[in-house]
Each structure stands twice: as C-alpha cells, then as structure tokens.
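Chain by chain, the residues run as shown.
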Amino acid sequence: MNILSAEFMRASIQDAGNMDAVILSNAKAGASIMTNGKDDDVKLDEEETSNFRDRLLPFIIGLLRTAKLPSVLRMYRDTLTADMKTAIKTAVAELLPVLVARPLDSDFSPGERTVDADGGGSSLASKLRSLSSESFVQLLGAIFKIVEAHLLQAAEVKRAIEWIMCNLDDHYAADSVAAAIALGAAVAEAVQESDTQISSFLPYSPQRNAGKISIQGKTNDAASSSNMSKNFRLGRADVLRENTEAVFAACDAAHGRWAKLLGVRALLHPRLRLQEFLSIYNMTQEFISATEKIGGRLGYSIRGTLQSQAKSFVEFQHESRMAKIKAVLDQETWVEVDVPDEFQAIVTSLFSLEPLITGNLVDAESNAATDYGEVVSSIDASSTVDGGLSNNQPHIEQPDSVETSVDVNAQVKSSSSVNATGKSKADVISASAQYNSSNMKEHGKSTSHTLVYGGASYHMVNCGLILLKMLSEYIDMNNFFPALSSEVVHRVVELLKFFNTRTCQLVLGAGAMQVSGLKSITSKHLALASQVISFTYAIIPAKIRRILFLKVPETRRPLLLSEIDRVAQDYKVHREEIHTKLVQIMRERLLVHLRGLPQIVESWNRPEDNDPQPSQFARSLTKEVLYLQRVLSRILHEVDVQAIFRQVVIIFHSQISETFSHLEINTPQARNRLYRDVQHILGCIRSLPSDNLGKSSTPNSGQLDEFLVKRFGTEAG
C-alpha cells in the first residue's frame, strides 16, 4: 500500500516540478515572460498522454483493488496543494533578489517605493514593495507559468483517472480495472461488515435485538449483493469526486498565494499610472481565467481581491485628479494658450462616432500628454491687451480705460478654497516653470490656436486642456474596468461639478484676483471662461454621457443619468451667466458715461464751442463697445456674440434715448452737437453683430432712431 501510494505521488506530482527550474532560469536571465502565461511545452501531445495514462494505470488498479484510491487521492490533494504553495514560495524567494537588483523604473520616488513597518527594508514584504511595476509583472509572469505547469500536470492526472474509471472500453486493461473496482467494492463491504460485527459486541438489550437476529440469516445474501453494487457505485463516485477536488484545491491555493502577493503591494498599486496598473490587472485577470478553466470553479476570493484593488485605484486616481484640478484652477490666469495637437487627437479619438469600448491605452498614452505640466504654458505678459488694471471705483474702470472689467469686490464663496493643497500647487507651479515654447519645439510638437469639436472652434486656457485630459483618463478607466463603471461615472460627475463651481467662483466671483494675482477680471477673461464652459457643455450630453453609460448596469442608470444631466444644465446656466455679465459690464460702462453727460452738454451751449467732431462722451462710449465687440468676436462663437450684443443694443437704445430726451438743448450749436452724437452712436450700433430688431430694414434700429426722427425730423432719420 505505501509503495503504491508513493509511486502514484511520484508519477503525479514530481514531473511538474521539473518545469519550475526552467521557468525560473529563464526569468533570472531576463527572458520575456509571456503575459498570458501559456507555454506549449507544458501540454502533452497525444502520444505523451497515452504513455502517461499507461504509467498511472497499474498504480490506479492496485489502489482500486485495496479500496484505497479515494483516501490516496485525498493525500494527493493535500500534497498537490502543499507543493503548489512551495513552488510559488520558491519562485518568489529566488526571483526577488534578481528583480530587486535590476534598475528601477520611475513608478515612484525613492521615498514612496518602500513603506515598511520594520524599517529595515530587508523583509520579503519590503522587497516585494520595492519592485517596480514592470519587475512585479515579471515575477507574476513567472509564477503564472509555474502554477500553470503544476495545474496542467494535475489536470492530466485528473483526466487519466477519469479515463481509467469511465472510458476503458476495448482497452486491454478494461477487465483488470473492472475486476479491481469489484474487488475494491468487496473489500469495502468486508470492512463495513467487520465494523458492523464489532459494533454487535457492544452492550445491547436482548429483547430489542432478538427480532433482528432471527431474520438476519435470511436476508444476508440479498443484502451482500445489494451492498456490493452500492459500494461499487459509491466507490467510483468517491474516486471521481476526490479526483476533481484535488485540482480545485490546487487552484484555490494558487489563487490564495497570488492574492497575498497583490495584498502586500495594496498601498502601492493605486498610485501607479493607468498603464502600469493595467499590466498587473490584466495579468491577474488572465491568471484567474486560465486557472478557473483548469480547476472548473470560480475563484471568488481572488476576484474580490482584484476588484478591491481596482476600486482603490479608481478612488486614489480620482482624489489625485481632484487635488490637481483645484491647484491648476487656483493658478489659472485665464490667458489663452495654443492647443497642442495631442489634445486635438484626444477629441478626435475619444469623441468619434465609434466610442472607445476596447481602446488601446498604449497608443493613447503615446499620442497624448502624460504629464499635466506639459499642458501648462508659460504666460507672455504681452498677450494681455490693455486689460487688468486696477480701478479706483469698485464696479468699473476709469472712464478713459479701453478694457472693461468685472466688479473687483465680488466675493469668493469659499475663503478656504484660496489655499490650494500645498504639494499639488507646488507640482503645478514647478511644471509650469519647466514648460515653455522651447520645450514645445524640442519635443517636435505642433499646435493650433483652437480646439475643434463638432465643427466649432474653441479657444482654450490651461485648465480646460487639463480637464479634457482628465476626462479622457476617466473614459479609459471606464473602458478597462467595466465592473466599476458606476463608480467612474459618479466621480466624473464630481469632477465636472467641482470644475464648474470653482470656475464660477474664480471668474464670475472674481476669486482669481485673490488666488492667482489678477488685477481685475476682464471681458477677455470672461470670454475665455465661456469658451471652456461651452466646450465642456457641448461634450457632456453628446459624448461623455453616451460613452460612459455604455457599461453602467441598468439598475444604476436612471440615478446617474439624472446626475450628469443636472451637471450639463449647470454648465449651460453658467455660460448664460457669463454672457449676462458681459452685457452688464457694457451697461455699467454706459451708465458711467451717461452720468458725465450733463457736464459735457453745458459746454455745448457756449458760443465758442465749434468742434465739428462728436463729443468725448460719444467717442469714448463707441470706442469701448467696439473694443468689446472685437474681443468677443475673436473668441466667442458668432451666435453667442449676436445674443450678447442684441441685449447691448436694446440697452443702448433705451438708456441713451431716455437720457438725451431729458437734456436741455438751448442753442443751435448744442442742437448740432446732439445731432452729431446721435448719428455717431447710431452708426456704431448699426455695425454691431446683432440680429435686426423690429421690422425695419435698418440694422439694429430702435428707440434712439425714433428719438432722432422725433427731435430732428424725418430727413435727419
């Protein structure tokens, strides 16, 4: 019995161990480990399979004859499991020194790579944590091959036993196996009877057992035949069950060891770049699939570990991006930047007609900027046109100023938001300092002035490009981790909400004057903010919503859809508020000029006033409104410019005509000056890019035209 068991163990297990040394040798030599862990050398061809079955056959027959095969298979299961654990432990122990000695990648800074409680840096756990992601993947690849070699060997044993037990028709040993099974059943019956007889010597009540003794002789033969048949069937079922359990137990042991390796690095993996984490994630997924296919059951434990790490990765990446976008926004100077072609490529690829369900992240990483610092362009002071000068008045600039600005005393909603996270802000400042136009040329990157989407061009600032890059990364995470799609969508909503709210605080709320040192918020700043908000609003319902929700479970869709639709509506409202603010700026400038008009009119009534030009009031007012038109027409879309100036025209007609109607015009020269001013202002109004008002064929006609006709007659109009 002991000899048969030992020979069966040697034939079933030891052959797989011979592959370990070869795999480890290749790994130490730096040979590439196939990411799928497959190796044709592990599998047996038809002849080798036949030889292996013939080799096991005598051991199986012998164990069947003695009815010990089920118990030996249980021993085999325990030995196989222990051998699997030992093989993985040996692989880690032998490969770690080699992998640790190799040059490190730039996954982490030296202080981040190893965080160990013992502080010595020499424990197995600390060495595992010190590995770069590439080295760790190489370690997993070697373990994958070793585990697969052992499992495929175990699967061959399983198939051989199943074949011997169930499929020996027309085989020379078919009769021997059947006889062995029958003999084993008889032995099992004898053992059972022996146990029964032993139990009969136990104390009993004569009255209670007298009936049983009297009929035992009559039923003994029939029971013996029935028990033998039953034991035959149960014996075969027991063998097949233990045979299957052995392979599954080995798979489960391998899953446990793999999960433990992942667990040791649980604090490091969320900090990896997406491609680095994906290499580990995909390797683990392939390992799970391959082992489950061999073992025949799902590995719930290792799947839970992998899902947990993926969720931690998404959460950490989100927190990191939230900190980065806050720091970037607080450093934003709202100056237009050129758009590197990499970002246009993101728009073209991510928002094409075919959504990226199975995108290639490697290509995306090579085509798009990988560091946020590459987006942050150095700011040339000469790019600001006459804008941003501080005012003596809280709401408006001095009357002779060409640029217009927002209320400098506007309150920022959250004072705590002024202080950005120290490390994140320092990273952004450092990145901004490193990036300049010479870097652009050095890297051979071409740029364009606008970002094109949906046939429309958008002028961008730094934070808008960074938001676009971040959204593309969330889409990547959504595609590569479909089981976490709901979590990814929720975090995209959070990012978009924060960006919209913070942008509103900084531009409309004038918070940028405190956090980024702007002297004022100009119409150009507002127009650029509108462009960023308009671009984001354009892609949310049309693309972001559609792409992200492809993999969201049906039960979660209604709530998440309502959330992202609310965010889109917030962006629309924000854009409208910016445009309203631009109209308000021009209204405030008009009121400033109108307040000074009575003093100017007084000079009109003097005899010596013979200036043929329009008054300073008319010239300054038209100069400012035409400047606003040039700024907005260069940045905003035509439809937005028309909507803004439609309101400006209405305000001009209403306010100017009302003010002029109350002026005291007492002399002919004053009347002529008023006429010249009205004509000058109307000429400016008619040149503004607004829709026609009313049924008149005259562009932008209105109340001021009516005032002109009423005061000076039809010919003057």
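If you're wondering where the values come from, they're calculated on a predicted model, not measured in any experiment.

Draft legend 1. Spotlight on the overall build of the protein. Looking only at helices and strands, one finds 24 helices and 4 strands in the protein. Each of the 717 residues in the protein was classed as buried or not, and the buried ones make up 48%. Of the contacts made within the protein by residues no fewer than 6 positions apart, 84% connect residues no fewer than 24 positions apart. As presented, the protein carries roughly 33,700 Å² of accessible surface, and 53% of it is formed by carbon and sulfur atoms.

Draft legend 2. Local environment of the environment of F52. For F52, the position within the fold is in helix α2 (residues 46–65). Along the primary structure F52 and E156 are separated by 104 residues, whereas in three dimensions their C-alpha atoms are 8.3 Å apart.

Draft legend 3. Structural view of the pattern of salt bridges. Scanning the model with the defined rule gives 15 salt bridges in all. The shortest N-O distance in the salt bridge between R557 and E554 comes to 3.4 Å. Look at R557 and you get partly exposed, because its relative accessible area is 22%. Judged by its relative accessible area of 59%, E554 is exposed. Each of R321, K469 and E473 takes part in a single network of salt bridges with overlapping partners.

Draft legend 4. Broad picture of the packing of aromatic side chains. Tallied over the entire structure, the rule returns 13 aromatic pairs. Measuring from centroid to centroid gives 6.1 Å for F617 and F660, while their planes differ by 65°, and the two rings are edge-to-face. Here F617, found in helix α21 (residues 616–635), pairs with F660, found in helix α22 (residues 638–661); they are 43 residues apart in sequence, far enough to count as distant. Using a relative accessible area of 2% as the deciding quantity, one classes F617 as buried. One aromatic cluster is present, formed by F277, Y281, F313 and F481 through successive ring pairs. The ring of F136 has R265 lying over it, and the distance from NZ or CZ to the ring centre is 4.3 Å.

Draft legend 5. Layout of the nonpolar core. By size, the foremost hydrophobic cluster in this structure holds 182 residues, and its most contacted members are F8, Y76, W334, F481, L632 and F660. If one sorts the elements of this core by residue count, helix α6 (residues 133–166) sits on top with 19 residues. Dropping the residues within four chain positions of it, F660 is found in contact with L597, F617, L674, D677, V678, I681, L704, F707 and R711.

Draft legend 6. Focus on unusual backbone geometry. Despite not being glycine, A510 has its phi angle at roughly 65°, a positive value. Within the secondary structure layout, A510 lies in the loop between α16 (485–506) and α17 (512–515). Here A510 falls in the buried class, since its relative accessible area comes to 0%. One non-glycine residue, N700, lies in positive phi territory at about 55°.

Draft legend 7. Representation of the environment of R589. On the secondary structure map, R589 appears in helix α19 (residues 557–595). Each C-alpha atom of the pair R589 and V625 lies 9.0 Å from the other, and the pair is 36 residues apart in sequence.

Draft legend 8. Main features of the confidence of the model for the protein. Scored by pLDDT, the protein has a mean of 76; 69% of the residues are at 70 or more. Within the protein, the lowest mean pLDDT, 40, falls on helix α14 (residues 437–442), and the highest, 96, falls on α16. For residues 105–121, every residue scores under 50 in pLDDT, and the model assigns this stretch 33 contacts once sequence neighbours within four places are set aside.

Draft legend 9. The arrangement of helix α3 (residues 69–101) in detail. If you check α3, its first and last C-alpha atoms are 48 Å apart, about what 33 residues at 1.5 Å a residue would give, namely 48 Å. For α3, the principal kink sits at L95 and spans about 35°; a proline, P97, occurs within the next four residues.

Draft legend 10. Region of interest: the packing of α3 against α6. The geometry of α3 relative to α6 is characterised by a closest axis approach of 10 Å and an angle of 160° between their N-to-C directions. Classed by the angle they form, the pair α3 and α6 counts as roughly antiparallel. Along this stretch, α3 crosses α6, giving a crossing that reads as right-handed. The segment α3 lies against α6, with L73, Y76, L80, D83, M84, A87, I88, A91, V92, L95 and L99 engaging S135, Q138, L139, A142, I143, I146, V147, H150, L151, A154, V157 and I161.

Draft legend 11. Up close: the side chain of Q531. As for its position among the elements, Q531 is in helix α18 (residues 523–548). Ignoring sequence-local partners within four residues, the contact set of Q531 consists of S457, Y458, H459, I635, L636 and H637.

Draft legend 12. Expanded view of the packing of helix α10 (residues 300–331) against helix α15 (residues 462–480). Across the interface, α10 lies against α15 with an axial gap of 10 Å and an inter-helix angle of 175°. Taken as axis vectors, α10 and α15 run roughly antiparallel relative to one another. Of α15, the residues touching α10 (which contributes F313, V314, Q317, H318, R321, K324, I325, V328 and L329) are C463, I466, L467, M470, E473, Y474 and M477. Here the contact of α10 with α15 is built from residues that sort into 11 nonpolar, 2 polar and 3 charged.

Rules and cut-offs
- Residues numbered from 1 in each chain as written.
- Predicted model: local features only at pLDDT ≥ 70, side-chain atom pairs only at ≥ 80, totals over all residues.
- Heavy atoms only, no water.
- Helix = DSSP H or I, 4+ residues; strand = E, 2+ residues; numbered from the N terminus.
- Buried < 20%, exposed > 50% of the residue type's maximum accessible area, 1.4 Å probe, protein only.
- Contact = heavy atoms within 4.5 Å.
- Areas by Shrake-Rupley, 256 points an atom, 1.4 Å probe, with all protein chains shown as cover.
- Salt bridge = Lys/Arg side-chain N within 4 Å of Asp/Glu carboxyl O.
- Phe/Tyr/Trp six-rings, centres within 6.5 Å; stacked < 30°, edge-to-face > 60°.
- Lys NZ or Arg CZ within 6 Å of the ring centre and 35° of its normal.
- Core = buried A, V, L, I, M, F, W, Y, C linked by side-chain atoms within 4.5 Å.
- pLDDT = per-residue confidence, 0-100.
- Expected span 1.5 Å × (residues − 1).
- Bend = angle between axes of the 7 residues up to and from the residue.
- Axes fitted to C-alpha atoms, helices over the stretch in contact; angles between N-to-C directions.
- Parallel < 35°, antiparallel > 145°, perpendicular 65-115°, else oblique.
- Left-handed = near helix turned anticlockwise from the far one by under 90°.
- Nonpolar A, V, L, I, M, F, W, Y, C, P; charged D, E, K, R; others polar.

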